[in-house]
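Report on the structure
This is what each chain is made of:
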Amino acid sequence: MQQGFSINLSQSNLSHSPTRLRPRLAIPLGDPAGIGPEIVLKAIAHPTLHTLAQVTLVGHAPGLAKTLSSLRDTVGLDLDLSQIPLVEAAATIAGLDAIELGQPTEVTGHASFCWLNRAITGALQGEFDAVVTAPIAKSVWHAAGHLYPGQTEVLAERAEVDRFGMLFAARSPHTGWPLRCLLATTHIPLQQVPTVLTPELMTHKLDLLVACLQQDFGLSSPHIAIAGLNPHSGEAGKLGTEEVEWLQPWLTAAQQRYPQVKLTGLIPPDTMWVSAGHAWHTDRQASPFDAYLALYHDQGLIPVKLLAFDRAVNTTIGLPFVRTSPDHGTAFDIAGKGIARSDSMEAAIALAIELVQQRKHLSSREN
Ligand SMILES: NC(=O)C1=CN([C@@H]2O[C@H](COP(=O)(O)OP(=O)(O)OC[C@H]3O[C@@H](n4cnc5c(N)ncnc54)[C@H](O)[C@@H]3O)[C@@H](O)[C@H]2O)C=CC1
Ligand SMILES: NCC(=O)COP(=O)(O)O
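What you see is a predicted model, and the numbers here were worked out from it, not measured in a lab.

1. A look at the UniProt feature "binding site: substrate" (unreviewed entry) in the chain
- Here, the residues flagged by UniProt with the feature "binding site: substrate" (unreviewed entry) are Thr152, Lys305, Asn314 and Arg323.
- Examined against the element boundaries, Thr152 turns out to sit in helix α6 (residues 151–159).
- Beyond its immediate chain neighbours, meaning those up to four positions away, Thr152 contacts Phe164, Met166, Thr316 and Arg323.
- Beyond its immediate chain neighbours, meaning those up to four positions away, Arg323 contacts Val131, Thr133, Gln151, Thr152, Leu155, Asn314, Thr315 and Thr316.

2. Some points on the sheet that holds strand β11 (residues 322–326)
- With mixed pairing, the eleven strands of this open sheet are ordered in space as β3-β2-β1-β4-β11-β10-β5-β6-β9-β7-β8. Of all strands in the sheet, those bounded by a partner on one side alone are β3 (86–87) and β8 (262–267).
- When strand β5 (residues 165–171) meets strand β10 (residues 313–317), the two strands line up antiparallel, connected through five bridges. Note that in β10 the partner of Phe168 across the bridge is Asn314.
- Where helix α4 (residues 106–124) meets the sheet, its contacts fall on β1 (24–28), β2 (54–58), β3 and β4 (130–132), and the angle it forms with β1 comes to roughly 165°.
- Across the face of the sheet, helix α9 (residues 242–257) comes into contact with β7 (223–227) and β8 while running at roughly 170° to β8.

3. Description of the environment of Asp290
- In this structure, Asp290 sits in the loop between α10 (274–281) and β9 (291–294).
- Residue classification places Asp290 among the partly exposed positions, given a relative accessible area of 21%.
- The spacing of Asp290 and Thr74 is 216 residues in sequence and 41 Å in space, taken between C-alpha atoms.

4. Details of the pairing of β11
- A large share of β11 lies buried, amounting to five of its five residues.
- Burial of the side chains of β11 extends over both faces: Val322, Thr324 and Pro326 are buried on one face and Arg323 and Ser325 on the other.
- In the sheet, β4 pairs with β11 via three bridges, with the strands oriented parallel. Bridging across to β11, Ala130 finds its partner in Val322.
- Two elements, β10 and β11, share three bridges in a ladder whose sense is antiparallel. Looking at the pairing, Thr315 lines up with Thr324 of β11.
- Taken together, β10 and the strand that follows it, β11, pair antiparallel across an intervening segment of four residues, in which Gly318 is found at a positive phi of about 100°.

Cut-offs used in this document
Residues numbered from 1 in each chain as written. Chains lettered and ligands numbered in written order. Predicted model: local features only at pLDDT ≥ 70, side-chain atom pairs only at ≥ 80, totals over all residues. Heavy atoms only, no water. UniProt positions renumbered as here; feature names shortened; annotations may be inferred. Helix = DSSP H or I, 4+ residues; strand = E, 2+ residues; numbered from the N terminus. Contact = heavy atoms within 4.5 Å. Pairing = 2+ DSSP bridges. Axes fitted to C-alpha atoms, helices over the stretch in contact; angles between N-to-C directions. Buried < 20%, exposed > 50% of the residue type's maximum accessible area, 1.4 Å probe, protein only.

This is the structure:
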């Protein structure tokens, strides 16, 4: 039974296996003007990784070699790139050799889009078991003409799934408590949240979360916290009506549909995270919840990043293959300085390995 995942590859409890059985991970390098190539190189320099997984990078070899050379000088990074397969998905993009770190352009946006797509093609064709994406910048994709809210939507479109979710997972380094948070809505303006949230959307997000907790994390009877939308969950309709009008009835019906799952809500959004804070910092028993369902991006990601920035993992649930990613963005402000932390990228790789192993284990039991 999987109860979580190892955050740090150096403390990994993942199982080592013969080369042919190791999960095959594609790692597209993200926006090459950001910290993606740096955090990937730092993460894959970890000696343990190659006993756990087969890694293929998707990006531009000359740019990566330049980043490695700079990291050798600044932080003494020791890595032999000739040992690591790299797919050159966008080698012919004009201008790729002339990019400047910290200066994203249409070229860097287009390159990161092509690299992601190459990795997805490989995953769909069975070449890879998982895609671990380095960060891209949505605005830069848009400038390059790729009008997607983020990588998640490209993954879903290419995989032809219309039900998918953005789940953040992290394990506390203090107590070992596993934090998991699914966002019901993601990259939309705040003013659209009350319209986009519907009973149907909530149902499909809950279905995805329950299936993920049961299958990927081995929790047969999970306990899920569900946030209200308004301050104080609407204060009996005085501070917003969504809770009384449909969220509470939806929750009652959902609980009847899932007798083996405990649903607690609608928890006032400001207090929902108090026990999570205690569980993260001091006492893992402080939170009774296996997962949190937040109704919009910042309702979930402010607490997740406050507790676990740099070690949380963004995973797309509902895809036919595993996809994980660090919880942070392109950090253009520090690109090229050698100071980007690779912890979240390492955690994304570790979780991808664990999820692939879990899925293989489940399918071998079914066959
Ligand atoms: N998974 C992904 O592809 C994600 C992409 N983004 C994109 O990233 C771009 C920049 O977003 P921001 O809001 O500025 O967030 P960001 O996460 O890139 O940066 C926020 C702050 O954290 C620092 N930071 C981020 N990662 C770090 C690391 N590994 N080590 C040390 N410091 C780190 C940055 O220097 C900056 O000060 C946006 O265009 C957004 O779309 C944002 C989140 C996730
Ligand atoms: N805030 C999370 C985020 O931006 C991740 O987006 P995606 O590119 O993984 O869809």
